[in-house]
Amino acid sequence: MSRPPFEPASERDLAVASAQLGRPVRNVLGIAARCVCGNPTVVATAPRLADGTPFPTLYYLSHPAATAAMSDLEAEHVMVELQDSLADDELAAAYAGAHAAYLDDRAQFGDVAEIAGISAGGMPTRVKCLHALAAHALAAGPGVNPIGDLALARGDWSPLVCECVDYQIDV
Ligand SMILES: [Zn+2]
């Protein structure tokens, strides 16, 4: 698994990620996690975009099958269940640690005052976006973001099974 600094994004990576998201990717720092086929799964984005906008979501889930799996879990109200699981002190402490790890990773790319202390996905005490939490778990590897790990385990997508379409990228 990639830790910052990320594997640099190739022209093909940027084209595939843009096709995955249906819009041109911007301010990409690198590819933080990949599908087994090599396509981007998690795109790392700068904490301040070129136009000056603060952007807290360092790790963005771009892979459509992974995104769909997390959307399915959200529709099945798994977020409520995972939120409730944070009543466990040990899990809550690990989740707070994930928040700190996220901020540490992002700090390597500059301090952005507007988003100081703000990570993603609801961390450190809420579960608000499984896509963001799964993206962090994929980027950091197992054992860093416990809620992201649980979401990935629950979802019907695996980073080890390619479900990519042919993006017909010619670069
Ligand atoms: Zn793939």
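If you're wondering where the values come from, they're calculated on a predicted model, not measured in any experiment.

Q: Lay out the overall build of the chain in plain terms, naming residues and giving numbers.
A: Helix and strand content of the chain: six helices and three strands. Along the chain, helices (α) and strands (β) appear in the sequence α-β-β-β-α-α-α-α-α when read from the amino end. Computed over its C-alpha atoms, the radius of gyration of the chain comes to 15 Å, within 12% of the 16 Å expected for a compact globule of 171 residues. Along the first, second and third principal axes, the C-alpha atoms of the chain reach 50 × 35 × 25 Å. Burial analysis of the chain (171 residues in total) assigns 46% to the buried set.

Q: Tell me what's going on with helix H1 (residues 11-21), and back it up with residues and numbers.
A: Within H1, burial applies to Asp13, Val16, Ala17, Ser18 and Gln20. Of the residues one or two after H1, Gly22 is the one with positive phi, at around 75°.

Q: Residues and numbers for the packing of aromatic side chains, please.
A: Here the structure, examined in full by the defined rule, presents three aromatic pairs. Summarising the aromatic geometry, the rings of Phe6 and Tyr59 are spaced 5.8 Å apart at their centres and angled 90° between planes, so their arrangement reads as edge-to-face. A residue pair is termed long-range when its members are at least 10 positions apart, and Phe6 in the segment before H1 and Tyr59 in strand E3 (residues 59-61) qualify at 53 residues. Just as Phe6 is buried, Tyr59 falls in that class too. Between Tyr59 and Tyr102, the aromatic rings sit 5.3 Å apart at their centres with planes inclined by 90°, giving edge-to-face as the arrangement. Separated by 43 residues along the polypeptide, Tyr59 in strand E3 and Tyr102 in helix H4 (residues 89-107) bring together distant segments of the chain.

Q: Summarise the pattern of salt bridges; cite the residues concerned and give the values.
A: Inspection of the entire model under this criterion finds five salt bridges. In this structure, Asp51 engages Arg26 in a salt bridge whose closest nitrogen and oxygen atoms are separated by 3.6 Å. Placement of Asp51 in the loop between strand E2 (40-45) and E3 and of Arg26 in the loop between H1 and strand E1 (28-34) is noted, with a sequence separation of 25 residues between them. Assessed through its relative accessible area of 53%, Asp51 is described here as exposed. Looking at Arg26, the relative accessible area reads 47%, which means it is partly exposed. The partner of Glu114 in a salt bridge is Arg48, and the shortest N-O contact between them spans 2.9 Å. Of this pair, Glu114 sits in the loop between H4 and helix H5 (130-140) while Arg48 sits in the loop between E2 and E3; the two residues are 66 residues apart in sequence, bridging distant segments of the chain. By relative accessible area, which is 45% here, Glu114 ends up partly exposed. When its relative accessible area of 35% is taken as the criterion, Arg48 is described as partly exposed. Among the ionic contacts, a cluster of salt bridges with common partners joins Glu7, Asp13 and Arg34.

Q: Account for H5, with residues named and values stated.
A: Counting buried residues along H5, 11 of its 11 residues qualify, which places the element largely inside the surrounding structure. Of the positions making up H5, those classed as buried are Leu130, His131, Ala132, Leu133, Ala134, Ala135, His136, Ala137, Leu138, Ala139 and Ala140. Positive backbone phi, approximately 90°, marks Gly141, located one or two places after H5.

Q: An account of the nonpolar core is requested, with residue identities and associated values reported.
A: Within the largest apolar cluster, 36 residues are counted, with the highest numbers of intra-cluster contacts made by Val42, Tyr59, Met70, Val127, Leu130 and Ile147. Counting residues per element, this core draws most heavily on H5, which supplies eight residues. When residues no more than four places from it in sequence are discounted, the contact partners of Ile147 are Leu82, Ser85, Leu86, Leu91, Tyr95, Val127 and Leu133.

Q: Which residues make up a negative patch on the surface, and what values do they have?
A: Taken together, the side chains of Asp72, Glu76, Asp156 and Glu163 define an acidic patch exposed on the protein surface. The topology assignment puts Asp72 in helix H2 (residues 64-75).

Definitions and limits used
Residues numbered from 1 in each chain as written. Predicted model: local features only at pLDDT ≥ 70, side-chain atom pairs only at ≥ 80, totals over all residues. Heavy atoms only, no water. Helix = DSSP H or I, 4+ residues; strand = E, 2+ residues; numbered from the N terminus. Rg over C-alpha atoms; globule rule 2.2 N^0.38 Å. Buried < 20%, exposed > 50% of the residue type's maximum accessible area, 1.4 Å probe, protein only. Phe/Tyr/Trp six-rings, centres within 6.5 Å; stacked < 30°, edge-to-face > 60°. Salt bridge = Lys/Arg side-chain N within 4 Å of Asp/Glu carboxyl O. Core = buried A, V, L, I, M, F, W, Y, C linked by side-chain atoms within 4.5 Å. Contact = heavy atoms within 4.5 Å. Patch = residues over 30% accessible without salt bridge, like charges linked within 9 Å, V, L, I, M, F, W, Y side chains within 5 Å. Areas by Shrake-Rupley, 256 points an atom, 1.4 Å probe, with all protein chains shown as cover. Lys, Arg positive; Asp, Glu negative; His and termini not counted. Charge placed at Lys NZ, Arg CZ, Asp CG, Glu CD.

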